[in-house]
Amino acid sequence: MRTLAKQLTQKWPEALMRFGLRALAPLQDDATANIRLPLSGECRAGTVYLVGAGSGDVELLTLKAARLLMQADAVVYDRLVGDDVLALIPPGTERYYVGKARGHHSVPQADIGHLLVSLALAGKSVVRLKGGDPGVFGRMGEELAALAQASLSAHIVPGITAASAAAAGMGIPLTDRSHAQQLRFITAQLCREGGTPDWAALARQDETLVFYMGLSKVEAICHGLRQAGLPDTWPIMLVANASQPDQQSLTGTLASMPDQLRDQPLPSPCLIMVGSVVSMVAHSPAARGATLAR
């Protein structure tokens, strides 16, 4: 892994430079001849960067995220960050794994905040690397609060969230004029008291619903939406490991999906998409290359 990390660390800047030179080759005037890809920014000591690692495909990582990973003194990362992304971290960089899995939290959230604060107060530049986008169900707010309480500087670097990656991987839009005028991201964890979703408000036929962290609650989601008025035949899709080589999916209806999932279990992490836009999968050329279990 260290050898791979070294190779990737060396090759990424070279590849990006070659890409920039090729893109600029046809340009002749002086004003455009000096354009360069923005890879020369700072990773400041005593600063924490809350960085989105994207959906798992290393090529979907932003240029800024890749640069910060190569520059940081310390990287604090989650379970859903892929090995290819971690391979961009140079040897010698401090690494701290604070991943969480359903039913098992390896490091309490408060301790993660304390770790970020202690590293930054020690004068280190810190990347807090989160799967997907740090601001979408990533508990970023709690970490920002801990850093603010310590009067530490923090910067947010967005990433491609799982909903975007899953829809793209299946070759469909999240919204379409003929299917959805609204889009909602919903956590299926129901971790707060009285946190049961307002099923009546969610049971609309003019929007796309995307449930995060809901693999164990598929039956409850299907039941709640049907009880609130959506038809039994309303489309639903589950996508596991979106954008990664082992991406898997199930498409069906609110009535059929619980049994389908029991017959063909999917791994976590898994995203749940509900809405008529899911019906577009059947006609998508891009979906033909995806691993579909029907």
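Analysis parameters
Residues numbered from 1 in each chain as written. Predicted model: local features only at pLDDT ≥ 70, side-chain atom pairs only at ≥ 80, totals over all residues. Heavy atoms only, no water. Helix = DSSP H or I, 4+ residues; strand = E, 2+ residues; numbered from the N terminus. Buried < 20%, exposed > 50% of the residue type's maximum accessible area, 1.4 Å probe, protein only. Contact = heavy atoms within 4.5 Å. Areas by Shrake-Rupley, 256 points an atom, 1.4 Å probe, with all protein chains shown as cover. Polar contact = N/O pair within 3.5 Å; in protein donor to acceptor, adjacent residues only side chain to side chain. Phe/Tyr/Trp six-rings, centres within 6.5 Å; stacked < 30°, edge-to-face > 60°. Pairing = 2+ DSSP bridges. Axes fitted to C-alpha atoms, helices over the stretch in contact; angles between N-to-C directions. Core = buried A, V, L, I, M, F, W, Y, C linked by side-chain atoms within 4.5 Å. Parallel < 35°, antiparallel > 145°, perpendicular 65-115°, else oblique. Left-handed = near helix turned anticlockwise from the far one by under 90°. Salt bridge = Lys/Arg side-chain N within 4 Å of Asp/Glu carboxyl O.

(A) Region of interest: the overall build of the protein chain. If you tally the helices and strands in the protein chain, you get 10 helices and 13 strands. Going through the 294 residues of the protein chain one by one, you find that 44% of them count as buried. In the protein chain, the proportion of contacts linking residues at least 24 apart, taken out of those at least 6 apart, comes to 69%. For the protein chain, the accessible area works out to roughly 15000 Å², and carbon and sulfur atoms hold 53% of it.

(B) View of the environment of Asp-176. Examined against the element boundaries, Asp-176 turns out to sit in the loop between helix H7 (162–169) and strand E8 (182–187). Under the relative-accessibility criterion, Asp-176 is labelled partly exposed at 24%. Polar side-chain contacts of Asp-176 include one of 2.9 Å to the backbone nitrogen of Ser-178.

(C) The packing of aromatic side chains, seen in detail. Tallying each qualifying case throughout the model produces 4 aromatic pairs. Relative to Tyr-97, the ring of Tyr-77 lies with its centre 5.5 Å away and its plane at 55°, an arrangement referred to as tilted. Within this pair, whereas Tyr-77 is found in strand E2 (residues 74–77), its partner Tyr-97 is found in strand E3 (residues 94–97), the two being separated by 20 residues in sequence. Among the aromatic residues, ring-to-ring pairing joins Phe-137, Phe-185 and Tyr-212 into one connected group.

(D) View of the sheet that holds E2. Taken together, the 5 strands give an open sheet; going across it, the order is E3-E2-E6-E1-E7, and neighbouring strands pair in parallel fashion. This sheet does not close on itself; its edge strands, each paired only once, are E3 and strand E7 (153–157). Geometrically, the sheet is characterised by an average inter-axis angle of 20° between neighbouring strands, direction not taken into account. With 5 bridges joining them, strand E1 (residues 47–52) and strand E6 (residues 126–130) adopt parallel strand pairing. In the sheet register, Val-48 faces E6, and the bridge partner there is Val-126. The sheet strands contacting helix H5 (residues 109–121) are E1, E2, E3 and E6, and the helix crosses E6 at an angle near 155°.

(E) Region of the structure containing the nonpolar core. Core analysis: the largest hydrophobic core is formed by 24 residues, its most contacted members being Phe-211, Leu-225, Ile-236, Leu-238, Leu-254, Ile-272 and Val-274. At the level of elements, helix H8 (199–202), strand E9 (207–212), helix H9 (218–227), strand E10 (235–240), helix H10 (257–263) and strand E12 (270–274) are the ones that each hand at least two residues to this core. Looking at this core element by element, the count peaks at 4 residues for H9. Counting residues in each nonpolar core, the second largest holds 21 residues, with Val-51, Val-58, Ala-65 and Leu-86 among its members.

(F) Spatial organisation of the side chain of Ser-55. Take Ser-55: it is sitting in the loop between E1 and helix H3 (63–71). Taking relative accessible area as the criterion, Ser-55 reaches 11% and is therefore assigned buried. Discounting residues that sit within four places of it in the chain, Ser-55 has contacts with Leu-60, Gly-132, Ile-160, Ala-165, Ala-242, Ser-243 and Gln-244.

(G) Examining the packing of H5 against helix H6 (residues 140–149) more closely. Taken N-terminus to C-terminus, the directions of H5 and H6 make an angle of 45°; their axes are 9 Å apart at the nearest point. One element, H5, and the other, H6, form an angle in the oblique class. Every pair of crossing elements has a handedness; the one defined by H5 and H6 is right-handed. Facing Gln-109, Ile-112, Gly-113, Leu-116 and Val-117 of H5, the residues of H6 in contact are Glu-142, Glu-143, Ala-146 and Leu-147.

(H) Here's a closer look at the pattern of salt bridges. A full pass over the atoms with the stated rule returns 11 salt bridges. Residue Glu-143 is joined to Arg-128 by a salt bridge in which the shortest nitrogen-to-oxygen separation is 3.2 Å. On the criterion of sequence distance, the pair formed by Glu-143 in helix H6 and Arg-128 in strand E6 is long-range, its members being 15 residues apart. The exposure class assigned to Glu-143 is buried, which follows from its relative accessible area of 0%. Among the salt bridges present, the one from Arg-204 reaches Asp-206, with a minimum N-O distance of 2.7 Å. Given a relative accessible area of 34%, Arg-204 falls into the partly exposed group. Several salt bridges share partner residues, and in doing so they unite Asp-78, Arg-128, Lys-130 and Glu-143 into one network.

The values are spatial; any link to function lies outside them.
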